[in-house]
Amino acid sequence: MAMSLLFGVIASSALVLGAVIGLRFELPKRMLAILLSFAAGSLITALTFELFEDAFEQGGIWRAAIGLLAGAVVFTALSALLDRWAQPTSQPTPANEYEGSPKLDTDSAAAEHSPTTASTRGAAGMALLAAVTLDGVPENIALGVALGGGTGGLALLAAIFVSNLPEALVGASSMRSQGKSPRTILGLWGACAALLVVAVVIGAGPLSGASPETISLPLAFAAGAVIASLADTLMPEAYEHGGPAVALSTAAGFVLSFVLSLM
């Protein structure tokens, strides 16, 4: 239990760290894209070897496949609703103003760009916080399950950390652009971090004694949510603004996470 608590704190600390950076600094847009693509590469390894492969070994291909599809459908539907919530409703918005996911407004954290209306008059920061929470709960439960089963979980821990950091950074910057106080912003992301620590403990505690078939479901569901978040949120923004460097960054994230999965 102490190990699961430690892993949960490490994984979730990236949310608070990212929020602090987002409040204090503006980064080059390409650097933000590289951070997002590195996170994407790490998540590809984690969802393959730490989530879906374990789900397959625990519950078989049909249970793993159904769980993965369920996770992808649920996250995609909720993410679409959050994207609609993120966009301002006070006035019509040109159809070409938003590309990718409106809730991930990297312009708000970029030194060379002004925040989009999704941040200044919409709810991009809050929508991204909600998306991180929805995606993070199954991920962190799966991390706890991996720890409870003695399978390590280092690759998943690293992937969660490096994906939480840029998302919290951008989300905090969006909230700042909307006029929220630093105390409120840090409080919101801190509360999210605390919730995700609890999810890790639950995965390593009550779920650790469940049957393999039962354990396979949250693992596969988390894998589906990760795939959906990659295609819906992380990759579109990274590859739109990062240029060729994001290909190398994605590969670097994949290799690092793969090496950790072997430890």
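Everything that follows concerns the structure shown earlier in this document.
Residues numbered from 1 in each chain as written. Predicted model: local features only at pLDDT ≥ 70, side-chain atom pairs only at ≥ 80, totals over all residues. Heavy atoms only, no water.

**Student:** With reference to specific residues and values, describe the pattern of salt bridges.
**Tutor:** Counted under the stated rule, the structure contains four salt bridges. Among the salt bridges present, the one from E26 reaches R176, with a minimum N-O distance of 3.8 Å. One end of the pair, E26, is in the loop between α1 (2–24) and α2 (29–59); the other, R176, is in helix α6 (residues 154–178), and 150 residues separate them in sequence. The class for E26 is partly exposed, based on a relative accessible area of 46%. One salt bridge connects D107 with K29, and the closest N-O pair in it is separated by 2.2 Å. (Salt bridge = Lys/Arg side-chain N within 4 Å of Asp/Glu carboxyl O. Helix = DSSP H or I, 4+ residues; strand = E, 2+ residues; numbered from the N terminus. Buried < 20%, exposed > 50% of the residue type's maximum accessible area, 1.4 Å probe, protein only.)

**Student:** So what's going on with the nonpolar core? Which residues, and what values?
**Tutor:** With 52 residues, the main nonpolar core has L15, L51, L143, L156, W189, L219 and L230 as its most contacted residues. Those elements that provide at least two residues to this core are α1, α2, α3 (61–86), α5 (124–148), α6, α7 (182–204) and α8 (212–241). With six residues, the next largest nonpolar core counts L82, A86, A118 and A124 among its residues. (Core = buried A, V, L, I, M, F, W, Y, C linked by side-chain atoms within 4.5 Å.)

**Student:** Can you break down α2 residue by residue, with the values?
**Tutor:** Between its first and last C-alpha atoms α2 spans 42 Å; for 31 residues at 1.5 Å apiece the expected length is 45 Å, and the two agree. The largest bend along α2 reaches roughly 35° and is located at L47. A positive backbone phi angle near 90° is found at G60, which sits one or two residues after α2. (Expected span 1.5 Å × (residues − 1). Bend = angle between axes of the 7 residues up to and from the residue.)

**Student:** Can you lay out the packing of α6 against helix α9 (residues 245–261) for me, pointing to particular residues and giving the numbers?
**Tutor:** Axis separation between α6 and α9 bottoms out at 7 Å; the angle between their running directions is 150°. Considering their axes alone, α6 and α9 lie roughly antiparallel with respect to each other. Contact residues: α6 offers L154, A155 and A158, while α9 offers S257, L260 and S261. A breakdown of the residues in the contact of α6 with α9 according to their chemical character gives four nonpolar, two polar and no charged. (Axes fitted to C-alpha atoms, helices over the stretch in contact; angles between N-to-C directions. Parallel < 35°, antiparallel > 145°, perpendicular 65-115°, else oblique. Contact = heavy atoms within 4.5 Å. Nonpolar A, V, L, I, M, F, W, Y, C, P; charged D, E, K, R; others polar.)

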